[in-house]
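Descriptive structure summary
Single-letter residue listing:
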Amino acid sequence: MKARALIFITAALLMAGTVFGLEVNRVFNVSPGGELSLKARHGDIQVKVQPGGQVSLFCRGLSDTDLEVNQSGNLIQVVQTGRGNWGNVRFEVVVPERFNLNLDTDAGDVRIDGDLEGMLKINTHGGDISFRNVRGEADVRSSGGDIRGQDVAGNSSIRSMGGDIQVGAVEGTLKLSTHGGDVVIGRVGGGLEAKTLGGDIVVGDVDADAVLSTLGGDIEVGRVSASASLDTKGGDIRLAGASGEVKASTAGGDIDLREITGSIDADTAGGDIEARLVPRGSKGSRLVSRGGDIVLRLDSSVGATVEARIRVRSSWSRRFDDYQIISDFPAVSSEKDAEGRDIAGTYRIGGGGPTIQLETVNGTIQIRRN
């Protein structure tokens, strides 16, 4: 009986050693500009980018029977067909500096070490993604993790269903979204669309239009060379500058718009608004707060007509006399009802021009010379 048990244990250990010792090692001769397409059922993928004319593939936890590997000219295709040692699978790849990557794993992290010149396409259903500089287009998606990258020289699409996204400078257009984290972006050379359902958005300068939205955080942007649309349901908005139409809306915070050349449509349900505006074109502007103060700064050499109004709906925190319109420019007309619940004034700057409407509930209004 003891002998049979010993034989069984020995056989089990030998089988376990065989499973845990599974590995595949392949080397391919390639030319610059080729492509590696890797489809994994599970497991992490690590790619090292280095000078050379070869692609090396090392798979831990898989055997040759678990993989389909084909080379057709400069295209290398790797598909995981078997389970192998489930939970202990790892792909380690080395590719030349000028190469295209198409990487897909159902459950694992993906990491690119080194600067890549070529197209980068990554998809993981259950892990984090990290990459360095990419001199080409990037299409990166994760269903369950963070995404962190450095600079991208081409157009980019980056999406995560459950994590933070951080990327450096993008020379082309950028479309980005996440359902569960913060967004941090460096400078963007083309148009920008960024959306998160659960965090802040911080962006550097944008050299084209910018459309940003979040349901649960602040928005902070550098200078936008064209139009900007900024929307948050739960935070503050800060914009360093823009040349075009600016739309800013928040349900629960302040709005700070600096060095805007064009027009403004700003709305907050529960905060203050401060803006520096140089009106341009015939389109008017509108700044509305339903629970805070408004400060508008204008250059006296630029023509504009300002229509300001304060509506007082309660006086529990201030006396009615505390609500007033303060202006560095003379009023064309002004009015105030007997109870001080409706205060209005019209102000003409530089001979008049596009209309700027200022309206607040239970707040003060300041029109200042910039």
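These notes cover the structure that comes with them.

Criteria and thresholds
Going along each chain's sequence as written, the residues are numbered from 1 onward. For a predicted model such as this one, the threshold for reporting local features is a pLDDT of at least 70, and the threshold for listing and counting side-chain atom pairs is 80 or more; totals across whole chains, interfaces and linings nevertheless cover every residue. Note that water and hydrogens are dropped before the side-chain values are worked out from all heavy atoms of the structure. Per the convention used, a helix needs a DSSP run of H or I reaching at least four residues, while a strand needs a run of E reaching at least two, with both numbered from the N terminus. For the radius of gyration, the atoms used are the C-alpha atoms, and the globule rule reads 2.2 Å times the number of residues raised to 0.38. Burial classes follow relative accessibility: with a 1.4 Å probe on protein chains only, a residue under 20% of its type's maximum area counts as buried, one over 50% as exposed, and anything between as partly exposed. Every residue pair with non-hydrogen atoms within 4.5 Å of one another is taken to be in contact. Asp and Glu count as negative and Lys and Arg as positive, but His and the ends of the chain are not part of the count. Every charge is mapped to an atom, namely NZ of Lys, CZ of Arg, CG of Asp or CD of Glu. By definition, a salt bridge exists where a carboxyl oxygen of Asp or Glu is found within 4 Å of a side-chain nitrogen of Lys or Arg. Cavity: a set of points on a 1 Å grid over the protein atoms alone where a 1.4 Å probe fits but cannot get out. Pocket: an open set with protein on both sides within 12 Å along at least five of seven lines, its lining residues, like those of a cavity, having an atom within 4 Å of a point. Grid points are joined across faces, edges and corners, and a volume is the space filled by probe spheres set on the points. Note on residue classes: Ala, Val, Leu, Ile, Met, Phe, Trp, Tyr, Cys and Pro are nonpolar, Asp, Glu, Lys and Arg are charged, and everything else, Gly too, is polar. Paired strands, in this sense, are two strands between which DSSP finds at least two bridges.

1. Notes on the overall build of the protein chain
- From N to C terminus, the protein chain includes one helix and 33 strands.
- Here the protein chain has a C-alpha radius of gyration of 29 Å; the compact-globule value for 370 residues is 21 Å, and the former is much larger.
- Overall, the protein chain is about 105 × 55 × 20 Å in size when its C-alpha atoms are taken along their principal axes.
- Out of the 370 residues belonging to the protein chain, those deemed buried represent 44%.
- By sequence separation, contacts in the protein chain at least 24 residues apart represent 38% of the contacts at least 6 residues apart.
- Distance between charge centres in the protein chain, computed from 41 positive and 50 negative side chains, equals 2 Å.

2. Comments concerning unusual backbone geometry
- Phi angles above zero are rare outside glycine, and Glu 259 is one such case at about 50°.
- Among the secondary structure elements, Glu 259 is positioned in strand 24 (residues 255-268).
- Given the relative accessible area of 39%, Glu 259 is considered partly exposed.
- The phi torsion at Asn 362 lies on the positive side, around 60°, for a residue other than glycine.
- Its place among the elements puts Asn 362 in the loop between strand 32 (355-361) and strand 33 (365-369).
- Asn 362 sits in the partly exposed class, given a relative accessible area of 23%.

3. Things to note about the pattern of salt bridges
- Per the stated rule, a full pass over the model turns up 23 salt bridges.
- Put simply, Asp 113 and Arg 111 hold a salt bridge, and the shortest N to O gap is 2.8 Å.
- Of the charged contacts in the structure, one is a salt bridge between Arg 290 and Asp 267, with a shortest N-O distance of 2.5 Å. In this pair, Arg 290 is assigned in the loop between strand 26 (285-289) and strand 27 (294-298) and Asp 267 in strand 24, connecting sequence segments 23 residues apart.
- Of the residues examined, Asp 267 reaches a relative accessible area of 15% and is grouped as buried.
- One salt-bridge network, in which partners are shared between bridges, spans Asp 265, Asp 267, Arg 286 and Arg 290.

4. A closer look at the layout of surface pockets
- There is about 210 Å³ of room inside the largest pocket.
- What lines the largest pocket is a set of 15 residues, among which Glu 307, Ala 308, Arg 309, Ala 344 and Gly 345 lie closest to the centre.
- Elements that contribute at least two residues to the lining of the largest pocket include exactly strand 26, strand 28 (304-311), strand 30 (331-336), strand 31 (342-349) and strand 32.
- In terms of residue class, the lining of the largest pocket is built from five nonpolar, five polar and five charged.

5. Looking at the pairing of strand 26
- Burial within strand 26 is extensive, with four of its five residues counted as buried.
- Bridge count between strand 24 and strand 26: four bridges; the pairing is parallel. For Asp 265, the partnering residue across the bridge sits in strand 26 and is Arg 286.

6. Let's talk about the pairing of strand 2 (residues 34-40)
- Side-chain alternation along strand 2 places Gly 34, Leu 36, Leu 38 and Ala 40 on a buried face and Glu 35, Ser 37 and Lys 39 on a face that remains uncovered.
- Here strand 2 runs beside strand 8 (residues 99-105); their pairing, made up of seven bridges, is parallel. From the neighbouring strand, Ser 37 faces strand 8, where its bridge partner is Asn 102.
- Where strand 2 lies against strand 6 (residues 75-80), five bridges are found, and the strand directions are parallel. Within the sheet, the bridge partner assigned to Leu 38 lies in strand 6 and is Val 78.

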